[in-house]
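Observations on the model geometry
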Amino acid sequence: MDSVTTAFDLMRLELEAAAESLNSDGAKHFQASEYNEAEALILKGKALQDFCEKVKALEAEWRDTFSEVEIELGNRENIESTAKKNFIHIESIKNCFICSISKWSRNIREESGRYSG
């Protein structure tokens, strides 16, 4: 599995977690009869679904077009070095993505707060 495919796998997992969190928050507002807040989260949920579909399409395009490309690496040291670099790169992507999701989540909470005031 190449590093881009791994990054898509990580992104899918993080997006699923974000959707679960959004669903949970929306259910809490709905349960508390806070319908304006729940409705705002419904709109965010729909936007998240659209975003997930775009990511899914990009992942499919990557797999269909590029994932078969193989680069020959001379020896085991090169393979290990590349694997370490890929791991560091993936961790960096994951951290950036988590920061983005955190900011997105904070924006949702701030918007929800505007509707409840």
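Read on for a plain summary of the structure.

Rules behind the numbers
Chains are numbered independently. Their residues run from 1 in the order of the written sequence. Restriction of local features to residues with pLDDT of at least 70 applies here, the model being predicted, together with a cutoff of 80 or more for giving and counting side-chain atom pairs; totals for whole chains, interfaces and linings are based on all residues. Where side-chain values are given, they derive from all heavy atoms of the structure, hydrogens and water being excluded. Only the six-membered ring of Trp is used, alongside the rings of Phe and Tyr, when aromatic pairs are assigned; centres must lie within 6.5 Å, and planes under 30 degrees apart are stacked while those over 60 apart are edge-to-face, with the rest tilted. In these notes, a set of buried Ala, Val, Leu, Ile, Met, Phe, Trp, Tyr and Cys residues joined through side-chain atoms within 4.5 Å is what counts as a nonpolar core. Burial here depends on accessible area, computed with a 1.4 Å probe over protein chains only, as a share of the maximum for the residue type. Under 20% is buried, over 50% is exposed, and the range in between is partly exposed. Elements are defined by DSSP. Helices are runs of H or I of four residues or more, strands are runs of E of two residues or more, and each kind is numbered from the N terminus. Expected helix span is given by 1.5 Å per residue-to-residue step, counting one fewer step than there are residues. Axis geometry follows a simple rule: fit a line to the C-alpha atoms, using only the stretch in contact for helices, then measure angles between N-to-C directions, giving values from 0 to 180 degrees. Any angle from 65 to 115 degrees is called roughly perpendicular, while one under 35 is roughly parallel, one over 145 is roughly antiparallel, and all others are oblique. Should the near helix be turned anticlockwise from the far one by less than a right angle, the crossing is left-handed, and should it be turned clockwise, the crossing is right-handed.

**Comments concerning the packing of aromatic side chains**
This structure, assessed with the given rule, holds 2 aromatic pairs. On the numbers, 5.5 Å between centres and 75° between planes, the contact of F30 with Y35 is edge-to-face.

**Let's talk about the nonpolar core**
With 9 residues, the main nonpolar core is built from F8, L15, A18, L22, L41, L48, V55, I101 and I108. For this core, the secondary-structure elements that each account for two or more residues are α1 (3-31), α2 (35-65) and α3 (76-116). Among the elements that line this core, the one with the most residues is α1, at 4 residues.

**Focus on α1**
In this model, α1 (29 residues) spans 42 Å end to end at C-alpha, consistent with the 42 Å of a helix rising 1.5 Å per residue. Phi turns positive one or two residues past the end of α1, at S33, with a value near 60°.

**A closer look at the packing of α1 against α2**
For any two helices packed against each other, the geometry is given by the interaxial angle and the distance between the axes. Axis separation between α1 and α2 bottoms out at 10 Å; the angle between their running directions is 165°. On the basis of their axis angle, the class for α1 and α2 is roughly antiparallel. Seen along the crossing, α1 lies across α2 with a hand that is left-handed.

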